[in-house]
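# Examination of the molecular architecture
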Amino acid sequence: SIVQTRGSIPLVWSQRPNIKYKPTIRIDKNQSKHIQVFNRHFDEQIVQYGKQVAISLVNLKGYELGLAQKFMEIVNETKNQNISYEAFDFHKECGSGKWHRLSILMDKIDLDQKQFGYFMQDRDGNVFMQQSGVFRTNCMDCLDRTNVVQSLIARRSLKDQLVQLGIFSPATRN
């Protein structure tokens, strides 16, 4: 098995629902609140799951830019060695059906995925591998963009597991 997490960007922000497709994002101005919320969230995640790779799929322009910048700023400010950050502007990179560009992100996280591993145990309960970290993926609403990336991570993990079991040859990983 492989564990992944997802959620809203762990800062203090909101969107007031309205009839607009893209409601305005309001980001709290209190830096210490952001750090407190961020640390509380990730401290819990690290205890539960180990090292974290925060994959942010929000747009790096337009109305999502401010939130993307604040997230990266807090990651950098906290300097937690158990958290790394990977930004990938999903719409810019994959717009107009350029799905092959997801390989850019997958290549960037490949080493982390190999290091994290996955959980594997036999029928007798002997554990062969334990997962040591997770990918925490987010976009604005944790739906389509997040689903696409998490499914690619899971697919690659499944291929690795099938290679380890001797069902696939090592050449089928990619």
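Here, the structure is the one placed above.
Residues numbered from 1 in each chain as written. Predicted model: local features only at pLDDT ≥ 70, side-chain atom pairs only at ≥ 80, totals over all residues. Heavy atoms only, no water.

### Concerning the overall build of the protein
Under the convention used in this document: Here a helix means four or more residues in a row that DSSP labels H or I, a strand means two or more in a row labelled E, and each is numbered from the N terminus. Burial classes: relative accessible area under 20% of the type maximum marks a residue as buried, over 50% as exposed, and values in between as partly exposed (1.4 Å probe, protein chains only). Working rule for contacts: check all heavy atoms of both residues, and any pair within 4.5 Å makes them a contact. Using a 1.4 Å probe, the Shrake-Rupley method yields the accessible areas, and only the shown protein chains count as cover for residues. Charged residues are defined narrowly, with Lys and Arg counted positive, Asp and Glu counted negative, and His plus the chain ends left uncounted. Throughout, a charge is located at the NZ atom of Lys, the CZ atom of Arg, the CG atom of Asp or the CD atom of Glu.
Each helix and strand counted, the protein has 5 helices and 8 strands in total. A principal-axis box enclosing the C-alpha atoms of the protein has dimensions of 50 × 40 × 25 Å. Counting across all 174 residues of the protein, residues that qualify as buried make up 42%. Sequence separation of 24 or more characterises 67% of the internal contacts of the protein that already satisfy a separation of 6 or more. Of the roughly 10,200 Å² of accessible surface on the protein, 51% is carried by carbon and sulfur atoms. In the protein, which carries 24 positive and 17 negative side-chain charges, the distance between the mean positions of the two groups comes to 7 Å.

### Describing the sheet that holds strand E5 (residues 83–87)
Quick note on the threshold: The criterion for strand pairing is that DSSP finds at least two bridges linking the strands in question. Interaxial angles span 0 to 180 degrees and are taken between N-to-C directions of axes, which are lines fitted to C-alpha atoms, for helices over the stretch in contact.
The strand order across the open sheet formed by 4 strands is E1-E8-E4-E5, and the pairing between neighbours is parallel. Both edges of this open sheet fall to strand E1 (5–6) and E5, since each of them pairs with a single strand only. Pairing of strand E4 (residues 51–56) with E5 involves 5 bridges; the strand directions are parallel. Residue pairing in the sheet places Gln-52 in a bridge with Ile-83 of E5. Most of the contacts of helix H1 (residues 31–49) go to E4, to which it runs at about 125 degrees, and overall it touches E1, E4, E5 and strand E8 (133–138). This element, helix H2 (residues 65–78), spans E4, E5 and E8 of the sheet and lies at about 155 degrees to E5.

### Here we look at the pattern of salt bridges
We count it as follows: Salt bridge, as used here: a side-chain nitrogen of Lys or Arg that lies within 4 Å of a carboxyl oxygen of Asp or Glu.
Under the criterion given, the structure shown has 8 salt bridges. One salt bridge connects Lys-70 with Glu-73, and the closest N-O pair in it is separated by 3.4 Å. Pair noted here: Lys-70 and Glu-73 are both in helix H2, with a separation of 3 residues, about one helical turn. When its relative accessible area of 34% is taken as the criterion, Glu-73 is described as partly exposed. Note that Lys-114 is salt-bridged to Asp-110, the shortest N-O span being 3.0 Å. Separated by 4 residues within a single helix, Lys-114 and Asp-110 lie in helix H4 (residues 102–116), roughly one turn from each other. With relative accessibility at 16%, the residue Asp-110 sits in the buried group. When salt bridges with common partners are traced through the structure, they connect Asp-110, Lys-114 and Arg-156 into a single cluster.

### Thoughts on the nonpolar core
Note the following rule: What we call a nonpolar core is a set of buried Ala, Val, Leu, Ile, Met, Phe, Trp, Tyr and Cys residues that are connected through their side-chain atoms within 4.5 Å.
One finds Ile-9, Leu-11, Trp-13, Phe-38, Leu-67 and Phe-71 to be the most contacted residues of the largest nonpolar core, which totals 18 residues. Mapped onto this core, the elements with two or more residues apiece are H1, H2 and E5. Here the element with the most residues in this core is H2; it accounts for 5 residues. Discounting residues that sit within four places of it in the chain, Leu-67 has contacts with Ile-9, Leu-11, Trp-13, Ile-25, Ile-27 and Met-140. Judged by nonpolar contacts, the second largest core, of 15 residues, contains Ile-55, Phe-88, Ile-109 and Val-149.

### Some points on the packing of aromatic side chains
As a reminder of what qualifies: Centres within 6.5 Å are what make two rings of Phe, Tyr or Trp a pair, Trp counting through its six-membered ring; a difference in plane orientation under 30 degrees is then read as stacked, over 60 as edge-to-face, and the rest as tilted.
Tallying each qualifying case throughout the model produces 5 aromatic pairs. On the numbers, 6.3 Å between centres and 65 degrees between planes, the contact of Phe-38 with Phe-71 is edge-to-face. In this pair, Phe-38 is assigned in helix H1 and Phe-71 in helix H2, connecting sequence segments 33 residues apart. Judged on exposure class, the residue Phe-38 and its partner Phe-71 are both buried. Three or more aromatic residues joined by ring pairs make a cluster, and in this case those are Phe-38, Phe-42, Phe-71 and Tyr-85.

### Comments concerning the packing of H1 against H2
To be explicit about the condition: Roughly parallel means an angle under 35 degrees; roughly antiparallel means over 145; roughly perpendicular covers 65 to 115; every other angle is labelled oblique. Side-chain classes follow a simple rule in which Ala, Val, Leu, Ile, Met, Phe, Trp, Tyr, Cys and Pro form the nonpolar group, Asp, Glu, Lys and Arg form the charged group, and the remainder, Gly included, forms the polar group.
With their axes 10 Å apart at the nearest point, H1 and H2 run at an angle of 75 degrees to one another. When the axes of H1 and H2 are compared, the pair comes out roughly perpendicular. Touching Gln-31, His-34, Ile-35, Phe-38, Asn-39 and Phe-42 of H1 are Lys-70, Phe-71, Glu-73, Ile-74, Val-75, Glu-77 and Thr-78, all from H2. Taken together, the residues of the contact of H1 with H2 sort by class into 6 nonpolar, 4 polar and 3 charged.

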